[in-house]
Amino acid sequence: MRVLVTGGLGFIGSHTVVELQNEGFEVVIIDNLSNSTMDVLGGIERITGKKPLFEQIDLRDKLAVQHFFSNHQDISGVIHFAASKAVGESVENPLLYYENNISSLVYLLQELQKKPEAHFIFSSSCTVYGQAKKMPITEDAPIQVAMSPYGNTKQIGEEIILDVAKVSNFKSILLRYFNPIGAHPSAEIGELPLGVPQNLVPFITQTAIGLREKLSVFGNDYPTADGTAIRDYIHVVDLAKAHVVALKRLLYNKNLEKVEIFNLGTGKGSSVLDVITAFEKTTGQKLNYQIEGRRAGDIVEAYADTQKANKVLGWKTHLTLEDALRDAWRWEKKIKNTN
Ligand code: WQD
């Protein structure tokens, strides 16, 4: 059975392709290369020894999506990563996000609806919870008004899947990621540094390697132990493995609900200063940082309740924050040596 991975040359997508291939799945990648490069395909092959099929398609092109599925009738499993994902950019350019993230999902689901059987995994985000009232965050925590058009496209995406599932015969799993970080320990794939990093860990590694003059810590006046905001940082390889577990659940477990939702995190919260301290300790690199004002739209605290993923999905994280920072640093040094 061949699995389609959309956005399979992206950060989480490429790590998931590696884990799918490690488990013997045949993979086809669709990517429009808007936030990735063909080098990632080589990186995947150097890790697994198998080159996935790849087609450069923009999922906003409805005819191209229809054409792809008519040429690949054997695809019944889809893991959908392809989406624009920069919170700040979504505020500046909401229509780019609504067109890209929503229309691509609709065109994919229209193709899956035609199949007698299909399995769909949707890349969602803890951002749908906004600032949850209770920690750790469970899957039944209320969905709050989105903090950004990006977050809204994830909420709308989930609602579309729930509505379509009621009148379709395919099963879906929505995976709500907390904060994915790190890189493959081989340093063959990682988070591509395209533009100025919006996220904390790539900014840390680029500061440590000298690409950025200093890290701005966005606020130390939050109501937390050290005043900086708390997140649940999950190693991207642990996250990738969760997608293989979810796909196997859809393939081999027949009495599932039409749509299942799982929070994917470590269950542990780390503040920005915790991450900086862990990075310095793990890598021996002193980090130049400065406390600045809060970033608009940031929440104070988010970390996952992992019981449902542990007990129902049968998955848990094995890698630590230190493992992820060590792997992110190794990847940063690899990029520097190859540029
Ligand atoms: C983490 C913490 C910042 C950069 C976003 C999306 C989420 C997902 C992950 C896509 C915050 C602080 C950051 C910096 C800092 N994206 N920070 N200096 O905002 O929790 O989540 O990315 O799926 O959907 O919402 O992640 O890494 O941007 O920030 O102090 O230069 O680090 O204020 O407290 P975030 P982040």
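Further up the page is the structure itself.
Here the structure is a predicted model, which is why all the values come from computation and not from measurement.

1. Structural notes on the sheet that holds strand S1 (residues 2-6)
Step number 1: With parallel pairing, seven strands are arranged side by side in an open sheet as S3-S2-S1-S4-S5-S6-S11. Two strands in the sheet have a free side with no partner beyond their single neighbour: strand S3 (53-56) and strand S11 (259-264). Shown here is a sheet whose adjacent strand axes are inclined to one another by a mean of 20 degrees, direction ignored.
Step number 2: Sheet analysis places S1 next to strand S4 (residues 75-80), joined by five bridges and oriented parallel. By the bridge assignment for S4, Arg2 is matched with Ile75.
Step number 3: Helix H6 (residues 149-165) contacts strand S5 (119-125), strand S6 (171-177) and S11 of the sheet and is inclined by roughly 155 degrees relative to S5.
Step number 4: Relative to the sheet, helix H8 (residues 236-252) contacts S1, S4, S5, S6 and S11, its axis offset from that of S6 by approximately 160 degrees.

2. Some details on the packing of aromatic side chains
Two aromatic rings, taken as a pair, are described by how far apart their centres are and by the angle between their planes.
Step number 1: A full pass over the atoms with the stated rule returns three aromatic pairs.
Step number 2: Measuring from ring centre to ring centre gives 5.5 Å for Phe68 and Phe69, while their planes differ by 85 degrees; the resulting arrangement is edge-to-face.
Step number 3: Sitting over the ring of Phe203, Arg212 keeps its end group 6.0 Å from the ring centre.
Step number 4: Just above the ring of Phe262 sits the side chain of Lys308; from NZ or CZ to the centre is 5.0 Å.

3. Some thoughts on the site of the ligand
Step number 1: Close contacts around the ligand come from 19 residues, with Tyr150, Leu200, Ser216, Arg231 and Asp298 the closest.
Step number 2: Between an oxygen atom of the ligand and a side-chain N or O atom of Asn179, the distance comes to 3.0 Å.
Step number 3: Arg231 places a polar side-chain atom, nitrogen or oxygen, 2.6 Å from an oxygen atom of the ligand.
Step number 4: Here the ligand, which alone exposes 690 Å², has 90% of that area covered by the protein.

4. Considerations on the pairing of S11
Step number 1: Judged by how many residues are buried, S11 sits mostly within the fold: six of six residues are covered.
Step number 2: Alternating positions in S11 separate into two faces, Val259, Ile261 and Asn263 on one and Glu260, Phe262 and Leu264 on the other, with burial throughout.

5. What about unusual backbone geometry?
Step number 1: With an omega dihedral of -10 degrees, the bond running from Met135 to Pro136 counts as a cis peptide bond.
Step number 2: Along the chain, Pro136 falls in the loop between S5 and H6.
Step number 3: A positive phi angle, close to 60 degrees, is found at Leu33, a residue other than glycine.
Step number 4: Its identity as a non-glycine residue notwithstanding, Ala187 has a phi of 60 degrees, on the positive side.

Conventions used here
Within any chain, residue numbers begin from 1 and follow the written order of that chain's sequence. Totals for whole chains, interfaces and linings use all residues, but because this is a predicted model, local features are given only for residues with pLDDT of at least 70 and pairs of side-chain atoms are given and counted only at 80 or more. Where side-chain values are given, they derive from all heavy atoms of the structure, hydrogens and water being excluded. What makes two strands pair is DSSP finding at least two bridges between them. Secondary structure is summarised from DSSP: a helix means a run of H or I of at least four residues, a strand means a run of E of at least two, and numbering begins at the N terminus for each. To get an axis, fit a line to the C-alpha atoms, keeping to the stretch in contact for a helix; angles then go from 0 to 180 degrees between the N-to-C directions. Throughout, a contact is declared for two residues whenever any of their heavy atoms are within 4.5 Å. Only rings of Phe, Tyr and Trp enter the pairing, Trp through its six-membered ring, and a pair is recorded when the two centres are within 6.5 Å. The plane angle decides the type: under 30 degrees is stacked, over 60 is edge-to-face, the rest tilted. Only when the NZ atom of a Lys or the CZ atom of an Arg is both within 6 Å of the ring centre and within 35 degrees of the ring normal do we say a charge sits over the ring. Residue proximity to a molecule or strand is established when one non-hydrogen atom of the residue lies within 4 Å of it. We call two N or O atoms a polar contact when they sit within 3.5 Å, provided that within protein one can donate a hydrogen and the other can accept it, with sequence-adjacent residues counted only if both atoms are side-chain atoms. Each accessible area value is a Shrake-Rupley result obtained with a 1.4 Å probe; residue values ignore everything except the protein chains displayed when judging cover. Any residue under 20% of the maximum accessible area for its type is buried, any over 50% is exposed, and the rest in between are partly exposed; the area is computed with a 1.4 Å probe on protein chains only.

Purely spatial values, then, with no claim about function.
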